[in-house]
Each structure stands twice: as C-alpha cells, then as structure tokens.
Amino acid sequence: MPALELEGKITRKEAKQSGQSARGSWVKQDFILEYQDGNFPADVCFTAFGNEKVAELDRYQVGDEVKVSFNLRAREYNGRWYNDVRVWRITPKNQAPVASPAAPQPAPQANYGAIPEQAPAPSIEDMPAEEDDTNDLPF
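Residues numbered from 1 in each chain as written. Predicted model: local features only at pLDDT ≥ 70, side-chain atom pairs only at ≥ 80, totals over all residues. Heavy atoms only, no water.

**Student:** Before we move on, can you summarise the overall build of the protein with the specific residues and values?
**Tutor:** The helix and strand tally for the protein stands at one helix and six strands. Overall, the protein shows an N-to-C arrangement of helices and strands of β-β-β-β-α-β-β. Taking all contacts inside the protein whose residues are at least 6 apart in sequence as the whole, residues at least 24 apart take part in 49%. When the accessible surface of the protein is totalled, it reaches about 11,300 Å², and 51% of it is carbon and sulfur. (Helix = DSSP H or I, 4+ residues; strand = E, 2+ residues; numbered from the N terminus. Contact = heavy atoms within 4.5 Å. Areas by Shrake-Rupley, 256 points an atom, 1.4 Å probe, with all protein chains shown as cover.)

Right, here's the structure in full:
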C-alpha cells in the first residue's frame, strides 16, 4: 500500500486518553486536521497512539500547518465496523521528513527526457550452445 499523507491545519486536539489492557498501559490522543478537498475544506480525525506518537503531537498547537503520514485500519465489533486512522509521523508542512529505516521509501522517479544507456543486443555468439534435451525438466 502506498504511503498515505495529508497536509493541513490542526483545528482541534482532544484530551489524552489512557488505560490498561492485557498487554499493559496505553495512551492515545485524537486530533482534527482540516485539509483542502478540491475547492472545499474537509476534516479528518486522526489518532496518535502510544507515548512516542502522543509526545510527537504535543510539539504542535491548534493552528499549526502539518503533514500527517498515517495508516488506515478497520475492525468489526458486534456486527458494526469501526475505522481507525492512525498516525505514524507528523512533520511541519513543507519540511522534508528525516528518512527512517522503518518508513516506506518512495520509488525513484523516471527521467523521461534522458536517453537510457543500453547494452548492445546479443549476437549469435552470445547465445548458449545447444545441449542434449534429455536433461530438460518436465515443467
């Protein structure tokens, strides 16, 4: 799945929530990002989950312009589906993020104006010699 990113303005930060689960304690904080969807503004609610991500969100205030990288997940509970828009990185808008080993890397861009270097076409001398067909595999 390609990296999902949105740029926009933080319009609201909800209160931090914490609790205890079978795997230990947890903390999360939701925030609302307003972004441009065509000609109109739209809102999305993101979740910063875990101490590291909540601390990252603490560096930003309501009104700050940011770029949010996130994952989409959904889960079913009692016949209803719930979406989770979980943040994995927040950076100031128009600032290139520092590459981390766990972050997906973008594919290299093709240079369509350049003439590609190509090896010469193989000649008949480059072809392998014919062998006895008795050793061929059936597939």
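From this point, the narrative continues.
**Student:** Please provide a residue-by-residue account of the side chain of E56, values included.
**Tutor:** Among the structural elements, E56 can be located in helix α1 (residues 51–58). Relative accessible area serves as the criterion here: at 11%, E56 is assigned to the buried category. In terms of polar contacts, E56 uses its side chain to reach the backbone amide nitrogen of I90, at 2.7 Å. Residues within four places of E56 in sequence aside, it is in contact with W88, R89 and I90. (Buried < 20%, exposed > 50% of the residue type's maximum accessible area, 1.4 Å probe, protein only. Polar contact = N/O pair within 3.5 Å; in protein donor to acceptor, adjacent residues only side chain to side chain.)

**Student:** Quick one: what's the story with the packing of aromatic side chains, residue by residue and with numbers?
**Tutor:** A complete count under the given rule lists three aromatic pairs for this structure. With centroids separated by 5.5 Å and ring planes inclined at 25 degrees, the aromatic side chains of F31 and F46 adopt a geometry described as stacked. One end of the pair, F31, is in strand β3 (residues 24–37); the other, F46, is in strand β4 (residues 40–49), and 15 residues separate them in sequence. Residue F31 shares its accessibility class with F46, and that shared class is buried. Seen in terms of ring centroids, F46 and F70 are 5.1 Å apart; in terms of plane orientation they differ by 65 degrees. Their pairing is edge-to-face. With F46 in strand β4 and F70 in strand β5 (residues 65–77), this residue pair connects regions lying 24 residues apart in the sequence. Per residue, the accessibility class of F46 equals that of F70, and both read buried. Taken together, the aromatic side chains of F31, F46 and F70 make up a single cluster linked through ring pairs. (Phe/Tyr/Trp six-rings, centres within 6.5 Å; stacked < 30°, edge-to-face > 60°.)

**Student:** Please give an account of the pattern of salt bridges that cites residues and values.
**Tutor:** A complete count under the given rule lists eight salt bridges for this structure. Across the pair E7 and K67 runs a salt bridge, and its minimum N-O distance is 4.0 Å. Here E7 is found in strand β1 (residues 4–13), whereas its partner K67 is found in strand β5, with 60 residues between them in sequence. Taking the shortest distance from any N to any O, the salt bridge between K53 and E56 comes out at 3.9 Å. One end of the pair, K53, and the other, E56, are both in helix α1, three residues apart, so they sit about a helical turn from each other. Each member of the pair K53 and E56 is classed as buried. Linked through salt bridges whose partners overlap, the residues forming this network are E5, E7 and K67. (Salt bridge = Lys/Arg side-chain N within 4 Å of Asp/Glu carboxyl O.)

**Student:** Account for the nonpolar core, naming residues and giving values.
**Tutor:** The nonpolar side chains of a soluble globular protein tend to be buried with one another. Formed by 19 residues in total, the largest nonpolar core has its most connected members in F31, L33, F46 and V68. Of all elements in the fold, only β1, β3, β4, α1, β5 and β6 (80–92) reach the threshold of two or more residues within this core. Contact partners of F31, with chain neighbours within four places excluded, come to I10, R12, K13, V44, C45, F46, L57, V68, V87 and I90. (Core = buried A, V, L, I, M, F, W, Y, C linked by side-chain atoms within 4.5 Å.)

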